[in-house]
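Each chain, letter by letter, is given below.
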Amino acid sequence: MWEEADRTADHWAILTDVFLSPGSSAEAVRVYLARDAKLVADDQRHERTDEEAEMISTWVPLEEAVAAVLAGKIHNPTAMIAILAAQAARANQHLGLRDANEPFDVHPYLREG
């Protein structure tokens, strides 16, 4: 889980599952919450290519990220959902989050029928 962020974490949980265009697409994303994050050693970092090559990673306090969503400064729907879900999870002291190893059975490609 550290490819694009050069980070790993001691604690993982599922924040939510997102279906980006229900009814017209099978695209689905599982959003995780990583807590107690740490930088990955330089020799273990993912080599970025193509669109990843220019990515810049910056830490932003959760409150600032929430404010940016509400101010219309973040437009990526998955990022918006993740930020707001992280805020809700924090407000609930991270209680009730699903185990990170829970199967993604609701993914459209895994549904029967």
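A few points on the structure.

A few points about unusual backbone geometry
Turning to step 1, where the next piece is worked out: Of note, the phi angle at Q93 is positive, near 55°, even though the residue is not glycine.
Turning to step 2, where the next piece is worked out: When its relative accessible area of 62% is taken as the criterion, Q93 is described as exposed.
Turning to step 3, where the next piece is worked out: Non-glycine residue H94 carries a positive phi angle of around 60°.
Turning to step 4, where the next piece is worked out: Within the fold, H94 resides in the loop between α2 (77-91) and β3 (98-99).

A few points about the pairing of strand β1 (residues 7-19)
Turning to step 1, where the next piece is worked out: The sheet contact formed by β1 and strand β2 (residues 28-39) spans eleven bridges and is antiparallel. Counted as the bridge partner of H11 is R35 from β2.
Turning to step 2, where the next piece is worked out: Where β1 meets β3, two bridges bridge the pair, whose relative direction is antiparallel. Bridge pairing links A13 to D99 in β3.

Considerations on the nonpolar core
Turning to step 1, where the next piece is worked out: Core analysis: the largest hydrophobic core is formed by 13 residues, its most contacted members being L15, V31, L33, L62, V66, I83 and A86.
Turning to step 2, where the next piece is worked out: Breaking this core down by element, the ones donating at least two residues are β1, β2, α1 (62-70) and α2.
Turning to step 3, where the next piece is worked out: With five residues, the single largest contributor to this core is α2.
Turning to step 4, where the next piece is worked out: Beyond its immediate chain neighbours, meaning those up to four positions away, I83 contacts L62, A65, V66, V69 and I74.

Topic: the sheet that holds β1
Turning to step 1, where the next piece is worked out: Sheet architecture is open: three strands sit in the order β2-β1-β3, paired in antiparallel fashion. Lying at the two open borders of the sheet, with one neighbouring strand each, are β2 and β3.
Turning to step 2, where the next piece is worked out: This element, α2, spans β1 and β2 of the sheet and lies at about 115° to β1.

Things to note about α2
Turning to step 1, where the next piece is worked out: Between its first and last C-alpha, α2 extends 21 Å over 15 residues, near the 21 Å set by a 1.5 Å rise per residue.
Turning to step 2, where the next piece is worked out: Three or more residues of α2 are buried, namely A82, I83, A85, A86 and A89.
Turning to step 3, where the next piece is worked out: Contact partners of the buried residues in α2: β1, β2 and α1.
Turning to step 4, where the next piece is worked out: Put simply, N76 is the residue that caps the front of α2, since its side-chain oxygen is 2.9 Å from the backbone nitrogen of T78.

Rules used throughout
- Residues numbered from 1 in each chain as written.
- Predicted model: local features only at pLDDT ≥ 70, side-chain atom pairs only at ≥ 80, totals over all residues.
- Heavy atoms only, no water.
- Buried < 20%, exposed > 50% of the residue type's maximum accessible area, 1.4 Å probe, protein only.
- Helix = DSSP H or I, 4+ residues; strand = E, 2+ residues; numbered from the N terminus.
- Pairing = 2+ DSSP bridges.
- Core = buried A, V, L, I, M, F, W, Y, C linked by side-chain atoms within 4.5 Å.
- Contact = heavy atoms within 4.5 Å.
- Axes fitted to C-alpha atoms, helices over the stretch in contact; angles between N-to-C directions.
- Expected span 1.5 Å × (residues − 1).
- Polar contact = N/O pair within 3.5 Å; in protein donor to acceptor, adjacent residues only side chain to side chain.

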